[in-house]
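Chains, contacts and geometry: an overview
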Amino acid sequence: MKIDKNTINKIARLSRIKLDSKESEDYIKDLNSILDWVEQLNEINTDNVEPLTNISSSVLPKRDDISEDIHSSEEILKNAPEKIEGFFSVPKVVE
Amino acid sequence: MKSKSLKETIKSLEAKKISIKELNDEYIKNIKEKNNLNIFIHFDEQKIIDQVNKLEIDNSNKKLKGIPIAIKDLFCTKDMPTTAASKILENFNPTYESFVTQNLLDDGAVFVGKTNCDEFAMGSANNTSYFGNTINPLSNDDEPLAPGGSSGGSAAAVAADLCLGATGTDTGGSIRQPASFCGVVGIKPTYGLCSRWGITAFASSLDQAGVFTNNVEDASILLESISGFDSRDSTSANVNIPNYSKNLNSDISGKTVGIPNEYSIEGTPEEISQIWEDAIKYIESKGAKIKKISLPHTKYALPTYYIIAPAEASSNLARYDGVKYGFRADEINSLDEMYENTRGKGFGKEVKRRILIGTYVLSAGYYDAYYLKAQKVRKLIANDFNDAFKDCDFIVTPTAPSAAFPLSASQDDPIKMYLNDIFTVPASLAGLPGISIPFGKDKNNLPLGIQILGKHFDEQQVFNAAYCLEKSYE
Amino acid sequence: MNNLIQGQKHEWEMVIGLELHAQVKSNSKLFSSSSTKFGSLPNSQVSLVDAAMPGMLPVINKFCVKQAVKSGIGLNAKINNYSVFDRKNYFYADLPQGYQISQYKYPIVGEGTVTIDFKDGTSKNIRILRLHLEQDAGKSLHDQNPSKTYVDLNRSGVALMEIVSEPDIRSPEEAGMYISKIRSILMYLDTCDGNMQEGSLRADVNISVRKPGNEYGTRSEIKNLNSIKFIKQAINYEAKRQIDILESGGAITQNTMLFNTSTGKTRPMRNKEEAHDYRYFPDPDLLPLEISSKEVEEIKSSIPELPDQLKNKYMNTYNLSNYDASVLTTDKQISDFFDQTINSDLELKESAKIIVNWITSELFFLLNNDNVDISNSPVSPSNLGQLIKLINTNVISGKIAKEVLDEMYKTKSSPIQIVKKKGLKQMTDSSEIEAIIDNVLNENKTMVDQYLSGKDKLLGFFVGQAMKKTKGKANPKILNEILLTKLTKKNQSQ
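Below: a short report on this structure. In this text, all values refer to a predicted model and were calculated from it rather than measured experimentally.

About the thresholds
- Residues numbered from 1 in each chain as written.
- Chains lettered and ligands numbered in written order.
- Predicted model: local features only at pLDDT ≥ 70, side-chain atom pairs only at ≥ 80, totals over all residues.
- Heavy atoms only, no water.
- Core = buried A, V, L, I, M, F, W, Y, C linked by side-chain atoms within 4.5 Å.
- Buried < 20%, exposed > 50% of the residue type's maximum accessible area, 1.4 Å probe, protein only.
- Helix = DSSP H or I, 4+ residues; strand = E, 2+ residues; numbered from the N terminus.
- Contact = heavy atoms within 4.5 Å.
- 1 Å grid on protein atoms, 1.4 Å probe; cavity = no way out; pocket = protein on both sides within 12 Å on 5 of 7 lines; lining within 4 Å.
- Points joined across faces, edges and corners; volume = space filled by probe spheres on them.
- Buried area = accessible area lost by both parts, 1.4 Å probe.
- Salt bridge = Lys/Arg side-chain N within 4 Å of Asp/Glu carboxyl O.
- Polar contact = N/O pair within 3.5 Å; in protein donor to acceptor, adjacent residues only side chain to side chain.
- Nonpolar A, V, L, I, M, F, W, Y, C, P; charged D, E, K, R; others polar.

1. A word on the nonpolar core
In terms of nonpolar packing, the biggest core is built from 206 residues, with Leu-104, Phe-120, Phe-385 and Ile-452 of chain B touching the most fellow members. Ranked by residue count, the leading element in this core is helix H13 (residues 368–388) of chain B, at ten residues. In this view, Leu-104 of chain B contacts Leu-64, Ile-69, Ile-71, Ala-109, Phe-111, Thr-167, Leu-222, Ser-225 and Ile-226 of chain B; residues no more than four positions away in its chain are not counted. Ranked by size, the runner-up nonpolar core spans 66 residues in total, among them Leu-20, Cys-64, Ile-128 and Met-196 of chain C.

2. Brief notes about empty space enclosed by the protein
Empty pockets left among the atoms are what a rolling probe the size of a water molecule brings to light. Taken as a whole and judged by the stated rule, the model has three cavities of 30 Å³ or more. Together, Arg-196, Ala-201, Ser-204, Asn-316, Arg-319 and Tyr-320 of chain B together with Gly-55, Met-56, Leu-57, Tyr-99 and Asp-285 of chain C line the largest cavity.

3. Some details on unusual backbone geometry
Residues and elements named next belong to chain B. Each neighbour pair has its own omega, and for Gly-149 with Ser-150 the value is 5°, a cis peptide bond. By the element assignment, Ser-150 lies in the loop between strand E3 (110–115) and helix H5 (152–159). Here the phi dihedral of Phe-457 falls at roughly 65°; this positive angle occurs in a residue that is not glycine. With respect to the secondary-structure elements, Phe-457 resides in the loop between strand E11 (447–454) and helix H16 (459–470). Of the residues examined, Phe-457 reaches a relative accessible area of 35% and is grouped as partly exposed.

4. Considering the interface of chain A and chain B
Listed per partner, the contact involves 51 residues of chain A and 63 residues of chain B. The junction of chain A with chain B conceals about 5200 Å² of combined surface from both sides, 66% of it contributed by carbon and sulfur atoms. As a salt-bridge pair, Arg-13 of chain A and Asp-336 of chain B come within 2.9 Å of each other at their nearest N and O atoms. There are 21 residue pairs in polar contact (both at pLDDT 80 or more) connecting chain A and chain B. Elements with a minimum of two residues in the side of chain A that touches chain B: helix H1 (5–14), helix H2 (21–38) and strand E3 (87–91) of chain A. With ten residues, H2 of chain A is the single largest residue contributor to the side of chain A that touches chain B. Looking at the side of chain A that touches chain B, its residues break down into 27 nonpolar, ten polar and 14 charged.

Any link to function would need more than the numbers given here.
Here is the structure:
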């Protein structure tokens, strides 16, 4: 078994997703079966194969260094669940 | 009387046989009548009327002027909320219009609403939506069927006659499979043909916008509208968009058609094999040469996809954190608690499953074994197609391994659910254009679909072949 | 150079590596077209991309790529024709995407070196491991509200160059010199404005200690320092802390630390205790970045004179010492000022050393008092040149010149006008000076006797008295000569 309780907790923590214990159990089961299933890729020898990251064969397009501030802070903050004095706001962080 | 053809409707409008208002009033009526199918996440009659009123006094020539179009709720739209069928984007009102929808607006389309889909396009049955399942319009009263997914709402909207065309997105089959389930035409063009700007991302290297219509010609008209280069998307292709509808030609004589051996999969229902055979025979009768081809890495496409897509998704969905927009959970005493509760409650089960698996395959110690491995296999799968296309002009396969299944069918086993994408995923990994057209019926008289795949940016060939095949049931 | 520090029991050596984050000088951000201006209203320079709105995509800024290549060339580093942007995944309030676009496996710039020069004339090479492009995060403000952290995304997406050194640095002084040198190179190249106060150049310090000759010890990382003074303080404090632990039998745990500028102490960060797992992977929204060798050559040919080249030129052309020349080249503004001064008048060509002294002592003193950059100096280079010419031609003395400089600084007037207006012109008429000296000697007969009986030191007293009477305007050389002649005569006549 690749995924145990510790692993699922670690991944959930990295993903910032809170899981209740029922969910944890379900996902342990699901993830293990998915990981077992994808195991079949090891049947293929990929020693000299270049990984394919993007199907596009063109070169990275670059833009000119022209600045424009076209969005007001009101627009940027429009959908924010919480905003104060032109800032987004979140529970206080202690560094 | 209105026609189900987008092209015919444009003619009627131009000839003033019907007004934009009359046309859209009918669709509004249909939408209200079919409310029980749960096809729309957002429908606001007044907004349609407002658009119609503006177009009625607009004297300019616009290709799609007044044509009612449904928009998958993955496309960000300025005048309608956008949710990606997720609680986490509840009440999100974009201040911008996606490239694809802006093109449609520029061409004079009327947006009738935002269609239901799987949450963040993750699903094959439209059953992961926070807003509930869409019901396939072809269902009997006693047995509601799934419309397929993820663009199930858009496919259903076309099938139920609630619009003349709809947008969808296809990451692993999310246009082609629901098109097949709902008995409509659905095309996913080459990766990069339509800008992804303004489309809520699922898996960036695979996501591609496309359209649903009632026939091939309409699809070619709509695809022309939404395609094109966009400097705001670094993966957008800078290619000329042919006039697909004008060039449409059902003559495929002399073409070579690839039939991949590996798509004959054990356990595929007899009816699926039968329609595939029928399609091949029909194409052959129209003068095309049939060629057996091999795509040796086909069986590895699904596991490859289910590593790459979740990995990209785990990162793409990190922005939904309750800070800038969307849902934020209540009980939050710290930043981390805010994240964990917001994302824990804001995402549905399948989305969380994919974020978790994606996080795992990218995490330290596993990257090479899973993610890098999958990218290498993806290369082999792409190479298979490159090799095959040296000897053929297009490829014909079934679209899905079954007809629409009942909503009640258990989807608890994720792998079983993922198998729905078995015929569509390989082309997604290779970035190829693919269309699904209705072809034949199963024993319950439900539509089945044939998929036609083409070379990169050879949408014209895909349309032509589909156009030919479509004529077989006229 | 011996950099060893003495603990209670042993001698220890610091091993320091620096990660500098230099803000690329550009109009717009790395992947969006919002402005990079400093100090605007919160969230007023934020694009939909910077705020990570759904469906928004990055498009790279051509100029930022060029700036990184230029910087790489300035660091004598290998420019990579192929580089890749990766996503570094982590959650933080001021990181809207939930990942930072950075470069991990394939950076745009590879290995290089910079040289630091010590006062004793020796120098040392510090190896650069890499330079890569990445996005800056936004800004979290923790002290505006008792229960909230505020987030401003104006900085979100601004281009940074992360410059990583090898652990070649052995003392806080070397660390300071290394940073000054990098800062100077980037400023000459105009790829970073070097403004540490505004955060355009920040450092993360990796530090460990070891007994000389031993393997590297476990290191800690001190995050986000934005002044050379604090960097030195933090290194000293952290090294001492580590030595104390090791000498009392403890072990160092690898830690991320913060430096408290008011207490001068480091402490572990509270929120980063969990193991990092950034899950780097190539950003699927971007394609690999390819730069041809031809493009690199073109950029290379456009590069201005770099500090080391300029330093050598100063030493050769003006005969300046290594130290003077390196002081001038710590900052492009300074060498520009020097160049403009020395080129303002042909007759100043031989006065390089005097010019350096006037810039680095008198003018710096005035500017530092008011915290003014030399580029905004109220004293223009040509006016400073004129002042030095007045000294060279004996129109005013050095002492008067300081007074004139103060006035020039206050009023921006030319030294000639000031000298004229205030009547500060030096007294060079011998007879006039002679009369004053006679006067002084007559008034101080006792002192004269004492001098003549061997109390040589009183010479200064007579000079002082005479200067006082001329209000400092007497040419000191003439005054000295006449005074000595007179006293010698008196001696002979005794």
